[in-house]
Every structure is written in C-alpha cells, then in structure tokens.
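# Analysis of the macromolecular model
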Amino acid sequence: MRVGDTHYRSIWFDEATSEVKIIDQRWLPHEFRVVSLKTREEYAAAIRDMWVRGAPLIGATAAYGVADQMKRDPSDTSLDETWKVLHETRPTAVNLRWALDDMRSVLSQLPPEKRAEAAFRRAAEICDEDVENNRMIGVHGLEIVREIAKNKAPGEPVRILTHCNAGWLATVDWGTATSPMYHAMEAGIPIHVWVDETRPRNQGALLTSWEMAGHGVPHSLIVDNAGGHLMQHGQVDVVIVGTDRTTAAGDVCNKIGTYLKALAAKDNGVPFYVALPSPTVDWTVTDGLRDIPIEERDGSEVTHVQGKLEDGTITQVQISPDATPGHNPAFDVTPARLVTGLITERGICEASMEGLAGLFPKQGVAEPAE
Ligand code: MRU
C-alpha cells in the first residue's frame, strides 16, 4: 500500500543490495524506518520484539529468515536449528509454524548447494501468495459492506469497528480485516472505521490509524472500552477483525480484547466477522480455549506506554505505581458461536468445521484431541 507516493510492502527482497528489508514498526507512526535483516538472530529479534508483527507477516519474515540462513549454512543441522530458533520467537500465530514447515519441506528435498536459491524463491512466493489471499479477502468482504450500504441513506457511511492492527502492516500487503475497507473505498462506498486503540501495545492507535490516515479512510480512534457503548447506541454496523490462529472448528484467537468485542456484538445484534488467509487456520486443533497457546508478554508493556515528546523524542513513560506489576496475556479466544462468519480468500463461510471444510475440502479436519 502507499506511504506518501510510494508503494511499499511490509517486507521485501531488495535486488540492489541483495538484502531483506522490513518496515521497523516499533517507531510508527512517528518515524518511518526501513531496516535490513542480516543474521538469524536479527530475524528472531525482529519477530520476538515486534519490529514486525501480525500473523501473516511474521510467517513471511520467518521464511526469509530461513532463506538468509541457507546462504550461510545450507546443512540439515542448520535448517533444523533455524526452524527451532525462529519457531520459539512467538507462540500464538500459527502462520509462523506454517511458513517454517513449508520452507523445511521444500528445502529438505534438495541437496544443500541448491537450497539458498530455492529458499529465496519460495519465501518470495509465500509473500506473493499472502498478497493475493488478502486481496481476495477484500473482494469477498466488500460484499458484506455493500449489503449494509444498501440500507443507508446516500452518503451515509457504513461504520466498521476493528481491533488491533490486521492491516497491511500485519500482512505483506492489503491486510486482512482492512482489505474489505480498502476495497470499499475503491468501490466508492462511504465507510467510517472505529479504530480500537488496543492496549497494551496500542497497535490500533499507532498502526491502524496511520494506515487509515495514509489512505484517506475516514476513521476515529476510540478507547478499547468504547466499543460496547457505540454498539448499544447503534453506531456500529459491523465488526471486522483479524486472527492469529483459527481452529478447524472456527474458534478464533486474536489480540487480547477481541473476545469482549464479540460478546458486545452478540448482545447488540451486530455482525462480527473475522478475516483470515488460510495459513492462519490450524487444522490440527478444534478447541481454541484448550489447544491454542496464549503468548504472555512482559508486564512492562502494561505498566508503560510509548509516545513522542514535544522535542520529537520517542520514549516510554510509566503509568502505574512502582510496586504494581503488570500481567500481560497478549491474545484471547473468541468461540465460534460468537462469530458471524469467516472471510477467507475462497469466500465467506460459517465459523464451524463444516463451514471451513466446505471451502477447504482437502485440508482434512483434525479429530478432536483426547
Ligand atoms: O501482537 P500482534 O501485533 O502481532 O497481534 C496482531 C493481531 O492480533 C492481528 O489481529 C492478527 O495477527 C491478524 S493480522 C492480519
């Protein structure tokens, strides 16, 4: 998507320098910084410390991390060790495991001397597939927005609430939850996006707002606790969020606070959609509450917030007493029964085993674990 007049992806291979580049998201919206990733440790740090974040993008970054390592050491040991080091960085988004498994299965069939080239090719394909998946999510999701718009007065916007950043910065391009919004804008359908700030790390306030502003999408930043009130007063037409891992039965694990939005949506009869490319489905699990590991991040993300001072310095400030520890589960699970539908690259389906299997019949849904 656009940054100023330039089209960017969130990760790319720079032919001129033969380096993999990312947008370092820690400094947005105040500074736009592009950095190169060079070592396996840098790739791991970039994912763990959230220079890049969002389920599809951490998968793409891990794929390039494997490729870069194959340049240095294409041995089986190096491939296995890289899978392990990168897999340990963040536990919840299944796209990470998906991308690492994909890379390993392609590369392990090749002799070591052929691995580096094949790895860069496959990493680039994973990125291109993500872009196309997300574009198609927008094509399908647009129909939901179009239907709602039919009941509006001319010029009256469809009001969409979203949580966290499931935008182009969280993917390689387009975003998942945001793709229908960008497609609606292109189709000339007026929309207004309610952007949850998304404590503790404020991905909504920092990243989604920046994306919306950059593309001229009408939006307002709201505190996380405002969504229920807006729904009670008829000011939200639809909720669209992303997901880090969706079970084969349609439970959805996304940024902490998503579950509360789904409860409020249910209580107020507001449709609650989840947008996802298929690598975000974990076909091996069926019970989100039992089977999805929830990342626990450092408590300092709760006790401190980052912002920009008047002199332009970006810094952290403490907001709670010295003696108060933070507790920081980073994701929660929204049971399938609260989800109106899943928007995938193949179309929209019910959040259920039957719904997903209807769109992805070859995946073979897992038997429930004992
Ligand atoms: O902790 P983050 O910022 O990586 O969490 C991101 C989210 O929760 C997104 O909603 C999810 O990854 C879907 S991204 C298309």
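Thresholds, definitions, all that
- Residues numbered from 1 in each chain as written.
- Predicted model: local features only at pLDDT ≥ 70, side-chain atom pairs only at ≥ 80, totals over all residues.
- Heavy atoms only, no water.
- Domains from an automatic or database assignment.
- Contact = heavy atoms within 4.5 Å.
- Buried area = accessible area lost by both parts, 1.4 Å probe.
- Polar contact = N/O pair within 3.5 Å; in protein donor to acceptor, adjacent residues only side chain to side chain.
- Helix = DSSP H or I, 4+ residues; strand = E, 2+ residues; numbered from the N terminus.
- Nonpolar A, V, L, I, M, F, W, Y, C, P; charged D, E, K, R; others polar.
- Near = heavy atom within 4 Å.
- Areas by Shrake-Rupley, 256 points an atom, 1.4 Å probe, with all protein chains shown as cover.
- Pairing = 2+ DSSP bridges.
- Axes fitted to C-alpha atoms, helices over the stretch in contact; angles between N-to-C directions.

If you check the domain split of the protein chain, you get domain 1 (2-128) and domain 2 (138-359). Each side of the interface is counted separately: domain 1 has 34 residues, and domain 2 has 36 residues. Summed over both partners, the interface of domain 1 with domain 2 buries about 2900 Å², with 56% contributed by carbon and sulfur atoms. Looking at the side of domain 1 facing domain 2, the largest losses of area belong to R2, R53 and T92, adding up to 21% of the total buried there. Seen at the junction of domain 1 and domain 2, the total is 17 residue pairs in polar contact (both at pLDDT 80 or more). If you list the elements that add at least two residues to the side of domain 1 that touches domain 2, you get β1 (2-3), α2 (55-72) and α4 (94-107). Residue composition of the side of domain 1 that touches domain 2, grouped by class: 18 nonpolar, 7 polar and 9 charged.

Further remarks concern the site of the ligand. In the vicinity of the ligand, 19 residues are found, and the nearest of them are A55, R90, Q203, N254 and K255. In this structure, G54 approaches the ligand through a main-chain N or O atom, which is 2.9 Å from an oxygen atom. For the ligand, an oxygen atom lies 2.8 Å from a polar atom in the side chain of R90. Coverage of the ligand by the protein chains reaches 99% of its 420 Å² of free accessible surface. Elements with a contribution of two residues or more to the shell around the ligand: α2 and β11 (252-255). Within the shell around the ligand, the residues separate by chemical class into 7 nonpolar, 8 polar and 4 charged. Counting contributing residues, the shell around the ligand receives three or more from each of domain 1 (2-128) and domain 2 (138-359).

Next up on the list: the sheet that holds strand β17 (residues 341-344). Here 7 strands make up an open sheet; going across it, the order is β8-β7-β6-β9-β12-β17-β18 and the pairing mixed. For this open sheet the edge positions go to β8 (219-222) and β18 (347-349), each flanked by a neighbour on one side alone. Strand after strand, the sheet turns through a mean of 25° between neighbouring axes, direction not considered. In this structure, β17 lies alongside β18, joined through 3 bridges in antiparallel fashion. Paired with L342 across the bridge in β18 is C349. Together, β6 (158-162), β7 (191-196) and β9 (238-241) form the strand contacts of helix α6 (residues 179-186), whose direction differs from that of β7 by roughly 155°.

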